[in-house]
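Topology and contacts: notes
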Amino acid sequence: MTLLSNDFRLFGVDLRSGVQGLATLWGQVLQGPPFVWLTEPAAVRVLRANGNVETWRNGSLVAPGQEKSPSGQARFAAVEIPDSIVLRHATTMPAMPQAQVADALALEVQSISPFAAGSLVWGWRLRPGSGPRLQVEAALASRAHAERLLPPAAQALGVEASQLEVWVMPAQPEPAAAPIVLQGFGEGARARDGQRRQRRTYAFLAIGICLLGVIAVTPTLQLWMRARDAAASFSEVQQRTRPVVELREQFVRSSARLKALESAVGESAAPLRVLEILTNAVPDDTFIQTLQIEGLKISLSGMTENSAALMSRLGSTSGIRELKASQAATRQPGAAKESFGVEFVLDIPGVIPRTAVAQAETAAPAPAPAPVPAAPAPVLDSQQTNAAPAPAPFSPPLLPAAPGKPAYPPLAPAEQPPATGLASNDASEAPASNPLSRATIGGRAPRPPAPAPNP
């Protein structure tokens, strides 16, 4: 596919120059600290023009006593070209990447060189302390003059001539300046060696960073693996114990149903128990107008001559607890009796209220408060009144009892309080002991007289 345009621009920005700038910037970063501290430049043995052999590293002369140390041993060699056959050129350039400096300087060197293009060798360096504008120094020489120095220098240094570099040493006024390396000789081997050292150092640095990352992540990874193993083990345990859990759930549901059934069967005896208690506890002068049974909670209201005596008598009756008045006792003007309303809870052994059954699974039921002892109620003088008894409330059907077991617990006989001084001295006014004189709901009703025979 043929491209319609070779212009790599995006929103007016040349992408090629941007990539080149990033590469140059990265190269400068790698050449500065702290990366330059990780790679030590190679040492070079230099045969000077006066015949002396010196060791240089990174543009600086190595001290005479350090040549034999491991860091001072040189693996590369160079020869100095005399100043008599070298041309020096100094120029100033704006700040730019080194690659652009080399390209610009190449054009300037070709324009000022007295040598032919094929026989020209040159090199350049930046002067120290250049500032915002670059102070560049270039050195030019003839290739034939430089190659004439290689064989005797290679023999003196004990290397091959193709491995030698050609250096132009700095002038005397600048002893701290780095030498200029002429291009086109053995300097490529040292550059490749430096790149290999950099890559090896960066590789070790990357491996160290990866190891530190692995060390930092290892505890978290271990916790994650433990959590995964724990989740897998928990799932396996759930699979193995599923039949047992299902049996337990069935047992719990069956227990709840049995408790509900026990409560329902026990509370079905409440109407009979209420009739028994009210028959024995309510005096003859009391009439019950309404009777409401909600499980074991009983609410009744009616008319009586003395509400306080009635509350005292109900409080001393066995099987009644939590007795309280649901309304204030009032007597209408001209009325002989007071209207009352009371509430109490039946205390039947072995019967659990339905509200307690729902809480039996989570918390133990609170113990029932002990009945408050009350003084024996006096037997008050009452008059026999004829009143229609209140209709009995609806009672749920009773379930058949198991063979050999009674359907309901035996009912305790009502406790009759002893007579006190408030009772009448007339024996005829005391409650009779025969069955016909027992208290009923609505008072004691006398037997109607037999009809007279017809004459």
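Because the structure is predicted, anything quoted here is derived from the model rather than measured.

1. A look at helix α8 (residues 307-315)
The complete set of buried residues in α8 reads Ser-307, Ala-309, Leu-310, Arg-313 and Leu-314. Looking down the long axis of α8, one finds its buried residues gathered within 160 degrees of arc, a one-sided arrangement. Near the N-terminus of α8, the side chain that reaches the backbone nitrogen of Ala-308, with its oxygen 3.2 Å away, is that of Asn-306.

2. Notes on the packing of aromatic side chains
Per the counting criterion, the structure on display carries zero aromatic pairs. In this arrangement the basic side chain of Arg-143 is found over the ring face of Phe-185, its NZ or CZ atom lying 5.6 Å from the centre.

3. Remarks on the sheet that holds strand β8 (residues 120-126)
Spatially, three strands are ordered β7-β9-β8 in an open sheet, and the strand pairing comes out antiparallel. Of all strands in the sheet, those with a lone pairing partner are β7 (87-93) and β8, marking the two edges. Averaged over all pairs of adjacent strands, the angle between their axes in this sheet comes to 25 degrees, without regard to strand direction. Contacting β7, β8 and β9 (134-142), helix α3 (residues 98-112) crosses the sheet at an angle of about 135 degrees to β8.

4. Things to note about the sheet that holds strand β3 (residues 43-47)
The six strands lie next to each other as β5-β4-β3-β6-β10-β11, forming an open sheet whose pairing is mixed. Lying at the two open borders of the sheet, with one neighbouring strand each, are β5 (60-61) and β11 (180-181). In this structure, strand β4 (residues 53-57) lies alongside β5, joined through two bridges in antiparallel fashion. By the bridge assignment for β5, Arg-57 is matched with Ser-60. Helix α5 (residues 150-157) rests against β3, β4, β6 (76-80) and β10 (164-168) of the sheet, and its axis sits at about 110 degrees to β10.

5. Re the side chain of Thr-91
Turning to its location among the elements, Thr-91 is positioned in strand β7. Judged by relative accessible area, which is 14%, Thr-91 ranks as buried. Separated by 3.5 Å, the side chains of Thr-91 and Glu-108 make a polar contact. In this view, Thr-91 contacts Leu-105, Glu-108, Leu-134, Gln-135 and Val-136; residues no more than four positions away in its chain are not counted.

6. Observations regarding the pairing of β6
Within β6, five of the five residues are buried, leaving the element largely enclosed by the surrounding structure. Neither face of β6 is exposed, since Phe-76, Ala-78 and Glu-80 on one face and Ala-77 and Val-79 on the opposite face are all buried. Pairing analysis gives four bridges linking β3 to β6, with the strands arranged parallel. Paired with Val-46 across the bridge in β6 is Ala-78. Pairing between β6 and β10: four bridges, direction parallel. Its bridge partner lying in β10, Ala-78 is registered against Glu-165.

How each quantity is defined
Residues numbered from 1 in each chain as written. Predicted model: local features only at pLDDT ≥ 70, side-chain atom pairs only at ≥ 80, totals over all residues. Heavy atoms only, no water. Buried < 20%, exposed > 50% of the residue type's maximum accessible area, 1.4 Å probe, protein only. Helix = DSSP H or I, 4+ residues; strand = E, 2+ residues; numbered from the N terminus. Arc of directions from axis to C-beta. Polar contact = N/O pair within 3.5 Å; in protein donor to acceptor, adjacent residues only side chain to side chain. Phe/Tyr/Trp six-rings, centres within 6.5 Å; stacked < 30°, edge-to-face > 60°. Lys NZ or Arg CZ within 6 Å of the ring centre and 35° of its normal. Pairing = 2+ DSSP bridges. Axes fitted to C-alpha atoms, helices over the stretch in contact; angles between N-to-C directions. Contact = heavy atoms within 4.5 Å.

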